[in-house]
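Topology and contacts: notes
Each chain, letter by letter, is given below.
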Amino acid sequence: MSDFSGTLTTDERVASPSLLTRLAVRPEIGALIGALVVFVFFSVITSQFVTPAGISTWLDTSATLGIVAVAVALLMIGGEFDLSAGVMTASSSLVTAMLAVKLGVNVWLAVLVSLVFSLAVGAFNGWLVMRTRLPSFIVTLGTFFALQGLNLGVTTLVTGTVQVSGIASVPGYESVGYLFASTFTVGAASFPISIVWWIAVTLLASWLLVRTRFGNWIFAVGGSAPSSRAVGVPVARSKILLFMMTSGAAWLVGTINILRFTTVQANQGIGLEFQYIIAAVIGGCLLTGGFGSAIGAAIGALIFGMANQGIVYAHWNSDWFKLFLGIMLLAAVLVNNGFRARAERVRR
């Protein structure tokens, strides 16, 4: 195309966006920049942060948070929340421990029963949200309190205390522990297998989100459930599956914890649900749904892990970590809104 002066011009409607433009509309780009800043900052102020042992520690912290944060991110992209995810990590651990320690069930079977229990709770949350049309915030808040009471009540009734220990002596522990709680060596450092699980869950969730029909459904139901239903998207089924994925991820973290530490407290997991949501928001998810990234949530968890351990290595008061989380959350919301607005302009 040419203008009246004979100069060739390019129609902006068919122009290929630059690499910088394509990167700028990615949901996780803000989190990636933030992760680099946090890494450089703590690398400079404390030498322990970049030692093999230090790296192993903050990667492990990031992994146990990131496994559930990735699933929570998919649920948030789908337009819903799950405030019971944190306490579910304890509930799944307690089911496994109770069956194995108190009833003598093989650990493999106990873990599988715990998985079925967790998926059933997730399915119930999703079904109740879709059936009643109540906000998922309210429904899962109710589940949070119910599970918290169940954990404390049943554990105290059966054991007389608020904890269950002794799973290491139950048949099947060694083989199950190798899968969920072993370590591997890289150079001179030992790393927990939770890091491998975190990477695997992130890659699977990313593939599911961007390469499958179900991934398209997730974005669609999060953007507008009525419009999605009108074009044939199974909204109820999609959201129920997302809730089941979140509770399944919580089961995985709970299983890792009980097999690694061989004991579980009935009040574990309380408060973690907000950390999962914060990691997802830092990673690019919007609270309104329809926008976000699984990889971004994993990077958000990485920021959390680095900051959490970096503050310890720097010998700062741990109260500063709460200030850091608050600042990161507010900054992430502002940055993510800006990235989404830019992405919408590019798509037009």
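What counts, and at which threshold
- Sequence order as written defines the numbering, with residues in each chain counted from 1.
- Totals for whole chains, interfaces and linings use all residues, but because this is a predicted model, local features are given only for residues with pLDDT of at least 70 and pairs of side-chain atoms are given and counted only at 80 or more.
- Side-chain metrics rest on all non-hydrogen atoms present in the structure, leaving aside hydrogens and water.
- A fitted line through C-alpha atoms serves as each axis, taken over the contacting stretch for helices, and the angle formed by two N-to-C directions is quoted from 0 to 180°.
- Runs of E in the DSSP output that reach at least two residues are strands. Runs of H or I that reach at least four are helices, and both are numbered from the N terminus.
- The labels follow the angle: roughly parallel below 35 degrees, roughly antiparallel above 145, roughly perpendicular from 65 to 115, and oblique for the rest.
- Left-handed describes a crossing whose near helix is turned anticlockwise from the far helix through less than a right angle; right-handed describes the clockwise counterpart.
- By definition, residues are in contact when any of their heavy atoms lie within 4.5 Å.
- Any residue that is not Ala, Val, Leu, Ile, Met, Phe, Trp, Tyr, Cys, Pro, Asp, Glu, Lys or Arg is counted as polar, Gly included; the first ten are nonpolar and the last four charged.
- Each reported salt bridge corresponds to a side-chain nitrogen of Lys or Arg within 4 Å of a carboxyl oxygen of Asp or Glu.
- Only rings of Phe, Tyr and Trp enter the pairing, Trp through its six-membered ring, and a pair is recorded when the two centres are within 6.5 Å. The plane angle decides the type: under 30 degrees is stacked, over 60 is edge-to-face, the rest tilted.
- In this text, buried Ala, Val, Leu, Ile, Met, Phe, Trp, Tyr and Cys residues form a nonpolar core when linked through side-chain atoms within 4.5 Å.
- We call a residue buried when its accessible area falls under 20% of the maximum for its residue type, exposed when it is over 50%, and partly exposed in between, using a 1.4 Å probe and counting protein chains only.
- One less than the residue count of a helix, multiplied by 1.5 Å, gives the span that helix is expected to have.
- When DSSP finds two or more bridges between a pair of strands, those strands are recorded as paired.
- Like-charged residues are merged into a patch within 9 Å and nonpolar side chains (Val, Leu, Ile, Met, Phe, Trp, Tyr) within 5 Å, provided each residue has over 30% relative accessible area and no salt bridge.
- Shrake-Rupley sampling with a 1.4 Å probe provides the accessible areas, and residues are treated as covered by the protein chains on show and by no other component.

Digging into the packing of helix H3 (residues 52–77) against helix H8 (residues 194–211)
Packing of H3 against H8 leaves a shortest axis separation of 8 Å and a crossing angle of 25°. If you check the angle between H3 and H8, you find them roughly parallel. Crossing of H3 over H8 shows left-handed handedness. Note on element contacts: H8 touches H3 through Ser 194, Ile 195, Trp 197, Trp 198, Val 201, Thr 202, Ala 205, Leu 208 and Leu 209, opposite Ser 56, Leu 59, Asp 60, Ser 62, Ala 63, Thr 64, Gly 66, Ile 67, Val 70, Leu 74 and Ile 77. The residue inventory of the contact of H3 with H8, partitioned by class, reads 13 nonpolar, 6 polar and 1 charged.

Re the pattern of salt bridges
Considering all chains together, one arrives at 2 salt bridges under this definition. We note a salt bridge from Asp 60 to Arg 260, for which the minimum N-O separation is 2.8 Å. Taken together, the residues Asp 60 in helix H3 and Arg 260 in helix H11 (residues 235–261) connect sequence positions 200 residues apart. Note that Lys 239 is salt-bridged to Glu 80, the shortest N-O span being 2.6 Å. Of this pair, Lys 239 sits in helix H11 while Glu 80 sits in the loop between H3 and helix H4 (85–103), placing them 159 residues apart in sequence.

Focus on the packing of aromatic side chains
The geometry of an aromatic ring pair comes down to the distance between the two centres and the angle between the two planes. For the coordinates displayed, the defined rule picks out 13 aromatic pairs. Measuring from centroid to centroid gives 6.2 Å for Phe 39 and Trp 58, while their planes differ by 70°, and the two rings are edge-to-face. With a gap of 19 residues between them, Phe 39 in helix H2 (residues 29–45) and Trp 58 in helix H3 connect regions that are remote in the sequence. Residues Phe 42 and Trp 316 carry aromatic rings whose centres are separated by 6.1 Å and whose planes lie at 50° to one another, so their mutual orientation is tilted. Of this pair, Phe 42 sits in helix H2 while Trp 316 is found in the loop between helix H13 (294–313) and helix H14 (319–347), placing the two residues 274 residues apart along the sequence. Here a set of aromatic residues connected by ring pairs shows up, and it is made of Phe 39, Phe 41, Phe 42, Phe 49, Trp 58 and Trp 316.

Comments concerning the nonpolar core
Counting 92 residues, the largest nonpolar core has Leu 74, Met 76, Val 107 and Leu 259 as its most contacted members. The contact partners of Met 76, leaving out residues within four places of it in the chain, are Phe 81, Ile 277, Ala 280, Val 281, Cys 285, Leu 286, Leu 287, Gly 289 and Gly 290. In terms of nonpolar packing, the next biggest core, distinct from the first, is built from 6 residues, Met 88, Val 121, Leu 147 and Ala 250 among them.

Here we look at H11
Side chains that are three or four residues apart share a direction in an α-helix, a result of its 3.6 residues per turn. Along its 27 residues, H11 runs 39 Å from first to last C-alpha, staying within 8% of the 39 Å computed at 1.5 Å per residue. Following H11 by one or two positions, Thr 262 adopts a phi angle in the positive range, close to 60°.

Notes on the environment of Gln 309
Topologically, Gln 309 is positioned in helix H13. Distance in space between the C-alpha atoms of Gln 309 and Ser 62 is 9.8 Å, their sequence separation being 247 residues. Discounting chain neighbours no more than four positions away, the residues touching Gln 309 are Thr 57, Trp 58 and Thr 61.

Digging into the side chain of Ser 228
On the secondary structure map, Ser 228 appears in helix H10 (residues 225–230). Classification of Ser 228 as buried rests on a relative accessible area of 4%. If we skip the residues at most four places from it in the chain, Ser 228 touches Ala 220, Val 221, Val 233 and Val 235.

Remarks on the pairing of strand E3 (residues 189–192)
In terms of strand pairing, strand E2 (residues 183–186) meets E3 through 4 bridges, oriented antiparallel. Bridging from a neighbouring strand, Thr 185 pairs with Ser 190 of E3. Turn length for the E2-E3 hairpin, with the two strands adjacent in sequence and antiparallel, is 2 residues, and the turn residue Gly 187 shows positive phi of about 70°.

A short note on the side chain of Thr 246
When you line up the elements, Thr 246 lands in helix H11. Here Thr 246 falls in the buried class, since its relative accessible area comes to 0%. In this view, Thr 246 contacts Ala 71, Val 72, Leu 75, Asp 82 and Ala 85; residues no more than four positions away in its chain are not counted.

Let's talk about a nonpolar patch on the surface
Where nonpolar side chains cluster on the molecular surface, the patch consists of Phe 39, Val 40, Phe 41, Val 44, Ile 45, Val 50, Trp 316, Trp 320, Leu 323 and Ile 327 and spans about 960 Å² of accessible area. Secondary-structure elements contributing two or more residues to the nonpolar patch are H2 and H14. Among the elements that line the nonpolar patch, the one with the most residues is H2, at 5 residues. With respect to the element layout, Val 44 can be found in helix H2.

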